[in-house]
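# Structural description and commentary
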Amino acid sequence: MGKYDDTYKRSLEDPEGFWGEAAEDISWYRKWDKVLDDSKPPFYRWFTGGQMNTCYNCLDRHVEGGRGDQVALIYDSPVTNTIAKYTYSELTDIVARFAGGLKGLGLEKGDRAIIYMPMIPEAAIAMLACARLGVIHSVVFGGFAPHELAVRIEDAKPKVIISASGGIEGKKIIEYKPMLDKAVEESSYKPEHVVVYQREHIKEPMMKFRDVDWAGLVKDAEPADCVPVLATDPLYILYTSGTTGLPKGVMRDNGGHAVALNWSMKNIYGVDAGEVYWAASDVGWVVGHSYIVYAPLLKGCTTIIFEGKPIGTPDPGAFWRVISQHGVGTLFTAPTAFRAIKKEDPNGEYMKDYDLENFKYLFLAGERLDPDTYHWATDKLKIPVIDHWWQTESGWPIAANSVGIEEFKIKPGSPTKAVPGYDIRILSQEGKELERGEEGLVVLKLPLPPGTLPTLWQNDKRFTESYMDAYPGYYFTSDGGFVDKDGYVYIMGRVDDVINVAGHRLSTGGMEEVVSDHQDVAECAVFGAGDQLKGQVPVGLVVLKAGVETGHDDIKKALVKMVREKIGPIACFKEVAVVKRLPKTRSGKILRGTISKIADGAEYKVPSTIDDPAILDEIEESLKELGYAKKYD
Ligand code: COA
Ligand code: AMP
């Protein structure tokens, strides 16, 4: 048996021994009573009784251990022409001081704070300061509209919101503060304070009594010590798209999260303390939480906050510049970023300007890695290009080529094998376990390893309904796929109404809720259509109310505007077609999967349950007018 097989087998046969050992690499104020509490399935808890602090493990312990002068965080911002470096000592002081400021505002263990910030170091500082106090943070991605922020404020009930005056998206300035004010106005729950980091390039007016200036707060603050929390206490809530407009509040605990993430750095990514690790994502997404902030700092690496884009800041050489300038060994990003670079620089000319000698591994996740992008990146970079699969819910990879354990031959289209701790199985719709090679629903046999979601924020019922009830004893990933005879996993896509746009997870159901609010819309379907750059984009089909014969173009424009205003520009909802009818099953279910296949020009079977097959031809014609359904020409 190879090293991977041994490790994997042990992780499933002896999870307590396996993770108990991994937990020795974390500092504890009090050791756990039990590694795995499995007394109330499907609610599993890791390291019950243990006490630790995540911020201490990310910062203070490295200073105490002699890494004080090592750079912990590099802020690289081509949009403001800034490069700033923070050593572990400096970052610890800044975080402790900001935590002191938050403490002065009355924040204490168990309180919530929403963080709504662009890609600046203060976003990570705010997260770590919350962790230091045992305050539960909930970071909201900046590309979401005020309504989405309001929904999250309503659910998390934060005592404080931490924000910045604005962000810079390529060449655009995005004013965060007015969006935040609008969200607070919409929410029935009101935070006590809003802490605003006023950026040099963007100054925003403050609201008397409620708003607190970041700089002023820090200036007068006493540094705060780390507060011991239980391993099972929540570290953060991260809202993610489900099948409806109401996002799911994925909860993450402290202890299991620290153990799993720390373990993942060496074993999955092959990274040691002292190395430079860069996740080019955004702190608003799970990748940003886990691999910009927590995991690299837990491990004692140098992490990078990059306020830029793969292209246009200033050119498609931006990633190569960062890699060579900061000596990055491992880059993690989404395939869409590479598709963008490939489109602008197909021959990789910009790479030639930079020394990429330190660059060892490229990891990609967030959406399927298409073979074209895989081959292009492999050919140009001549390093392993590793697809790996995970979800907001898991918090760290479920399937990967775990190079720190044993590096496998890559099969393009597969994120390689199950990561130790994850027991991946494939089931039929009826719940029967399928053979190797057979495609079905991807599930994970319980218990899930540490670091994965123990539940949804204050909503055990939605947790069990969403993930556990469909196939008792298993966590349902909502992805379809198969495992081949060699144990390689293949993820074929979501089987629910969630789509991935430029690696961003969005709910088509949520968009349908917005579209159907228009006074002239009788019914609608929003589905994901293949897109060369973004992987998928949402497309809307609307049936208008009887009598609405004219003004279709205005209605379409209004619908695009509504989704942009309610969900945000990040939804990339730009295409709508007016159709006479929607294809449905006889029981009335809209056949979104079939519509998607028609749009992509893929082969499809006319479902036997369809009400009227002739509708499919009408839909195809409408989609052709939008530029889809092309292979049929
Ligand atoms: N704050 C405010 N607005 C934001 C935003 C943010 N943090 N991020 C994106 N937006 C806006 C964009 O400005 C754009 O607005 P527009 O419609 O007015 O032009 C819209 O949301 C869509 O953004 P995006 O999907 O990023 O498209 P793009 O065409 O601007 O850029 C890519 C395309 C491929 C370069 C870009 O999507 C990218 O860098 N992707 C990497 C993906 C990634 O890191 N994923 C994280 C998961 S690992
Ligand atoms: P998110 O929660 O935003 O990370 O999105 C999770 C979803 O993205 C998964 O359920 C998959 O559908 C998709 N996904 C993430 N990584 C991959 C991958 N490597 N291959 C295929 N799909 C992926």
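What you are looking at is a predicted structure, and each value in this text was computed from that prediction instead of being measured.

### So, the overall build of the protein chain
- If you tally the helices and strands in the protein chain, you get 19 helices and 31 strands.
- Here the protein chain has a C-alpha radius of gyration of 24 Å; the compact-globule value for 633 residues is 26 Å, and the two agree.
- With respect to the three principal axes, the spread of C-alpha positions in the protein chain is 70 × 65 × 55 Å.
- Residues classed as buried in the protein chain amount to 62% of the 633 residues present.
- Here the analysis covers contacts within the protein chain between residues at least 6 apart in sequence; of these, 70% occur between residues at least 24 apart.
- Roughly 24700 Å² of accessible area belongs to the protein chain as shown, and the carbon and sulfur atoms make up 48% of that amount.
- Looking at charge distribution, the protein chain has the averaged site of its 74 positive side-chain charges lying 1 Å from that of its 92 negative ones.

### Observations regarding the domain arrangement of the protein chain
- Segmenting the protein chain into domains produces domain 1 (3-308 + 388-481) and domain 2 (502-632).
- Each of domain 1 and domain 2 was reduced to a C-alpha centroid, and the two centroids are 34 Å apart.
- Between domain 1 and domain 2, the contact holds 17 residues from the first and 14 residues from the second.
- When domain 1 packs against domain 2, the two sides together hide about 1100 Å² of surface, and 51% of this comes from carbon and sulfur.
- Counting the contacts that link domain 1 with domain 2 gives one salt bridge.
- The partner of R505 in a salt bridge is E393, and the shortest N-O contact between them spans 2.9 Å.
- Of all the elements, helix α7 (residues 146-156) adds the most residues to the side of domain 1 that touches domain 2, at three residues.
- Residues belonging to the side of domain 1 that touches domain 2 are distributed by class as follows: five nonpolar, ten polar and two charged.

### As for the site of ligand 2
- Residues in contact with ligand 2 amount to 14 residues; listed here are only the nearest, D387, H388, T392, D479 and R505.
- At 2.6 Å, a side-chain N or O of D479 approaches an oxygen atom of ligand 2.
- Relative to its free-state accessible area of 490 Å², ligand 2 is covered by the protein chains to the extent of 94%.
- Looking at the shell around ligand 2, its residues break down into three nonpolar, five polar and six charged.

### Digging into the sheet that holds strand β18 (residues 328-333)
- Spatially, the seven strands line up as an open sheet ordered β5-β4-β17-β16-β18-β19-β20, and their pairing is mixed. Strands with a single pairing partner mark the edges of an open sheet, and in this sheet they are β5 (82-87) and β20 (385-387). Each strand axis lies, on average, 20° off the axis of its neighbour in the sheet, ignoring direction.
- Relative to strand β17 (residues 302-306), strand β4 (residues 71-77) runs parallel, the two being bridged by four bridges. In the strand pairing of β17, L73 is matched with T303.
- Set on the sheet, helix α11 (residues 286-299) makes contact with β4, β16 (276-279), β17 and β18; between it and β17 the angle comes to about 150°.

### Some words on the state of the cysteines
- With the rule as written, the count across this model stands at zero disulfides.
- C55 provides the cysteine sulfur closest to C130, a residue in no disulfide bond, and the two sulfurs are 10.0 Å apart.
- Taking the relative accessible area as the measure of exposure, C130 reaches 0% and is therefore buried.
- Cysteine C301 shares no disulfide, and the gap to the nearest cysteine sulfur, in C58, comes to 11 Å.

### Looking at the site of ligand 1
- The full set close to ligand 1 counts 24 residues, and K172, K309, P310, K534 and R564 are the nearest of them.
- A distance of 3.4 Å separates a nitrogen atom of ligand 1 from a polar backbone atom of G143.
- In this structure, an oxygen atom belonging to ligand 1 sits 2.7 Å away from a side-chain N or O atom of K172.
- Coverage of ligand 1 by the protein amounts to 84% of the 940 Å² it exposes when considered alone.
- Secondary-structure elements contributing two or more residues to the shell around ligand 1 are β10 (172-175) and α13 (335-344).
- A class-by-class count of the residues in the shell around ligand 1 yields twelve nonpolar, six polar and six charged.
- Residue contributions to the shell around ligand 1 reach at least three from each of two domains, namely domain 1 (3-308 + 388-481) and domain 2 (502-632).

### Some remarks on the packing of aromatic side chains
- Summed over the entire model, instances satisfying the criterion amount to 39 aromatic pairs.
- Seen from their ring centres, F18 and W19 are 4.9 Å apart, and the 80° between their planes marks the pair as edge-to-face. Take F18 and W19: they sit in the same class, and that class is buried.
- Ring centres 3.8 Å apart and planes at 10° place the aromatic pair F98 and W214 in the stacked group. Taken together, the residues span a long stretch of sequence, with F98 in helix α5 (residues 88-104) and W214 in helix α9 (residues 214-219) at a distance of 116 residues.
- Of the residues examined, W214 reaches a relative accessible area of 7% and is grouped as buried.
- Of note, R152 hangs over the ring of F144, and the distance from its end group to the ring centre comes to 4.6 Å.
- We note K417 situated over the ring of F408; from NZ or CZ to the ring centre the distance is 4.3 Å.

### With respect to the packing of helix α4 (residues 60-67) against α5
- The geometry of α4 relative to α5 is characterised by a closest axis approach of 9 Å and an angle of 150° between their N-to-C directions. Considering their axes alone, α4 and α5 lie roughly antiparallel with respect to each other. At the point where α4 passes α5, the crossing takes the left-handed sense. Two secondary-structure elements touch here, α4 through D60, H62, V63 and R67 and α5 through Y88, S89 and T92.

Quick notes on the rules
- Residues numbered from 1 in each chain as written.
- Chains lettered and ligands numbered in written order.
- Predicted model: local features only at pLDDT ≥ 70, side-chain atom pairs only at ≥ 80, totals over all residues.
- Heavy atoms only, no water.
- Helix = DSSP H or I, 4+ residues; strand = E, 2+ residues; numbered from the N terminus.
- Rg over C-alpha atoms; globule rule 2.2 N^0.38 Å.
- Buried < 20%, exposed > 50% of the residue type's maximum accessible area, 1.4 Å probe, protein only.
- Contact = heavy atoms within 4.5 Å.
- Areas by Shrake-Rupley, 256 points an atom, 1.4 Å probe, with all protein chains shown as cover.
- Lys, Arg positive; Asp, Glu negative; His and termini not counted.
- Charge placed at Lys NZ, Arg CZ, Asp CG, Glu CD.
- Domains from an automatic or database assignment.
- Buried area = accessible area lost by both parts, 1.4 Å probe.
- Salt bridge = Lys/Arg side-chain N within 4 Å of Asp/Glu carboxyl O.
- Nonpolar A, V, L, I, M, F, W, Y, C, P; charged D, E, K, R; others polar.
- Near = heavy atom within 4 Å.
- Polar contact = N/O pair within 3.5 Å; in protein donor to acceptor, adjacent residues only side chain to side chain.
- Pairing = 2+ DSSP bridges.
- Axes fitted to C-alpha atoms, helices over the stretch in contact; angles between N-to-C directions.
- Disulfide = S-S within 2.5 Å.
- Phe/Tyr/Trp six-rings, centres within 6.5 Å; stacked < 30°, edge-to-face > 60°.
- Lys NZ or Arg CZ within 6 Å of the ring centre and 35° of its normal.
- Parallel < 35°, antiparallel > 145°, perpendicular 65-115°, else oblique.
- Left-handed = near helix turned anticlockwise from the far one by under 90°.

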